[in-house]
Amino acid sequence: MATDSHRMPPLATVQAALYRITESLAAGLGRGSSEPPGWSELEWRLAPAVAAMHGVSPLLAATLRWQCSPHWSCFLAEQREHTLLRQERITELLARIDERAHSAGIPIIALKGAALHAAGVYAAGERPMADLDLLVRPADVGAAVAVLLALSYRDGGTTWKHQGFEPPDVGRRTSLGEHADKP
């Protein structure tokens with residue numbers, strides 16, 4: 001389907017394309033076919049956004065054997081590299097938090113993505129992580145907050161479920177998918 005660059009295709013067309021792309025990516029991850037899907041121009045243009053939304057770009061880079069557009073291959077390779085670089089930053093941050101928490105005598109446990117990585121469930125660069133989830137006993141919250149503040153983090157807001165912190169010099173990057181410089 002040829003698209004006019006100044007007009008969006010009808011919503012039903014976009015929804016159908018998003019569905020086909022998602023199904024193709026899931027099948028590609030599951031079966032590892034070497035044949036690229038017969039996507040339309042619109043679908044190839046939407047594919048990077050779909051992969052980024054599902055958080056599978058770096059995994060696709062390692063597993064898909066499709067020989068297709070240089071744009072798609074370059075996007076996946078860049079996503080894997082940015083994910084790897086972010087993982088390294090998160091690992092370094094977790095080590096600094098752990099060192100300070102240990103010195104303060106408080107247990108802090110990394111959860112979710114960091115815990116899965118530490119357990120060897122996935123390799124560095126395979127899974128995007130947008131944040132670092134930490135578990136602290138209620139009695140140690142004040143000391144844990146002090147640890148994060150000492151690392152130049154600042155209060156990012158509190159909900160009924162958790163307290164958030166933001167890194168210093170938070171700059172909002174507006175790139176598709178993962179980027180090593182995102183806070």
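Each remark here, short or long, concerns the structure printed above.
Reading the values: the criteria
- Residues numbered from 1 in each chain as written.
- Predicted model: local features only at pLDDT ≥ 70, side-chain atom pairs only at ≥ 80, totals over all residues.
- Heavy atoms only, no water.
- Helix = DSSP H or I, 4+ residues; strand = E, 2+ residues; numbered from the N terminus.
- Rg over C-alpha atoms; globule rule 2.2 N^0.38 Å.
- Buried < 20%, exposed > 50% of the residue type's maximum accessible area, 1.4 Å probe, protein only.
- Contact = heavy atoms within 4.5 Å.
- Expected span 1.5 Å × (residues − 1).
- Patch = residues over 30% accessible without salt bridge, like charges linked within 9 Å, V, L, I, M, F, W, Y side chains within 5 Å.
- Areas by Shrake-Rupley, 256 points an atom, 1.4 Å probe, with all protein chains shown as cover.
- Salt bridge = Lys/Arg side-chain N within 4 Å of Asp/Glu carboxyl O.
- Arc of directions from axis to C-beta.
- Axes fitted to C-alpha atoms, helices over the stretch in contact; angles between N-to-C directions.
- Parallel < 35°, antiparallel > 145°, perpendicular 65-115°, else oblique.
- Nonpolar A, V, L, I, M, F, W, Y, C, P; charged D, E, K, R; others polar.
- Phe/Tyr/Trp six-rings, centres within 6.5 Å; stacked < 30°, edge-to-face > 60°.
- Left-handed = near helix turned anticlockwise from the far one by under 90°.

Asker: Explain the overall build of the protein here, please?
Answerer: In terms of helices and strands, the protein carries six helices and four strands. In the protein, the succession of helices and strands from N to C terminus is α-α-α-α-β-α-β-α-β-β. Its C-alpha atoms give the protein a radius of gyration of 20 Å, more than 25% over the compact-globule value 16 Å for 183 residues. Along the three orthogonal principal directions, the C-alpha set of the protein runs to about 60 × 35 × 25 Å.

Asker: Please explain the side chain of Q87 as it appears in this structure.
Answerer: By the secondary structure assignment, Q87 is in helix α4 (residues 70–104). The class of Q87 is buried, set by a relative accessible area of 5%. Once residues within four sequence positions are removed from consideration, Q87 is found in contact with H117, Y122, A124, G125, R127 and M129.

Asker: Where do I start with α4 in this structure?
Answerer: The periodicity of an α-helix, 3.6 residues per turn, causes residues three or four positions apart to be oriented the same way. For α4, spanning 35 residues, the distance from its first C-alpha to its last is 51 Å, which sits close to the expected 51 Å at 1.5 Å a residue. Positive phi appears at G105, one or two residues downstream of α4, with a value of about 75°.

Asker: Can you help me understand a nonpolar patch on the surface in this one?
Answerer: A surface patch of nonpolar side chains, amounting to about 250 Å² of accessible area, comprises I109, L111 and L135. Considering the arrangement of structural elements, one finds L111 in the loop between β1 (108–110) and α5 (112–118).

Asker: Would you explain helix α6 (residues 141–150) in this entry?
Answerer: When α6 is considered as a whole, its buried residues turn out to be A144, V145, V147 and L148. The buried residues of α6 occupy an angular sector of 155° when the element is viewed end-on, so they sit on one face. On its buried face, α6 is in contact with α4, β1, β2 (134–136) and β4 (163–166). Looking one or two residues beyond α6, the residue adopting positive phi is S152, at roughly 75°.

Asker: Help me understand the packing of helix α2 (residues 41–54) against α4 in this model?
Answerer: Two measures define how a pair of helices packs: the angle their axes make with one another and the distance between the axes. One can describe the packing of α2 onto α4 by two numbers: an axis separation of 10 Å at closest approach and a directional angle of 10°. When the interaxial angle is binned, α2 and α4 end up roughly parallel. Residues W44, A47, P48 and A51 of α2 touch α4, and the partners they reach there are H71, W72 and F75. Among the residues forming the contact of α2 with α4, the class breakdown is six nonpolar, one polar and no charged.

Asker: Explain the packing of aromatic side chains to me, please; I cannot follow it from the model alone.
Answerer: What the rule picks out here adds up to four aromatic pairs. Chaining the aromatic ring pairs together yields one cluster made of W39, W44, W72 and F75.

Asker: What's the story with the packing of α4 against α6 in this structure? I'm lost.
Answerer: Two elements in contact, α4 and α6, have axes whose closest approach is 10 Å; the angle formed by their N-to-C orientations is 135°. Viewed along their axes, α4 and α6 adopt a mutual orientation that is oblique. Relative to α6, the crossing made by α4 is right-handed. Contacts from I97, R100, A101 and A104 in α4 reach V147, L148 and A150 in α6. In terms of residue class, the contact of α4 with α6 is made up of six nonpolar, no polar and one charged.

Asker: Teacher, can you tell me more about the pattern of salt bridges here?
Answerer: Side chains that carry opposite charge are capable of pairing whenever their charged atoms lie near each other. Scanning the entire structure with this criterion turns up four salt bridges. Where E43 meets R20, a salt bridge forms, and the shortest distance between an N and an O atom there is 2.3 Å. Here R20 lies in helix α1 (residues 11–31) and E43 lies in helix α2, a separation of 23 residues in the sequence. In this structure, E166 engages R154 in a salt bridge whose closest nitrogen and oxygen atoms are separated by 3.6 Å. Here E166 is found in strand β4, whereas its partner R154 is found in strand β3 (residues 154–158), with twelve residues between them in sequence.

Everything listed here is a matter of coordinates, which is why it stays silent on function.
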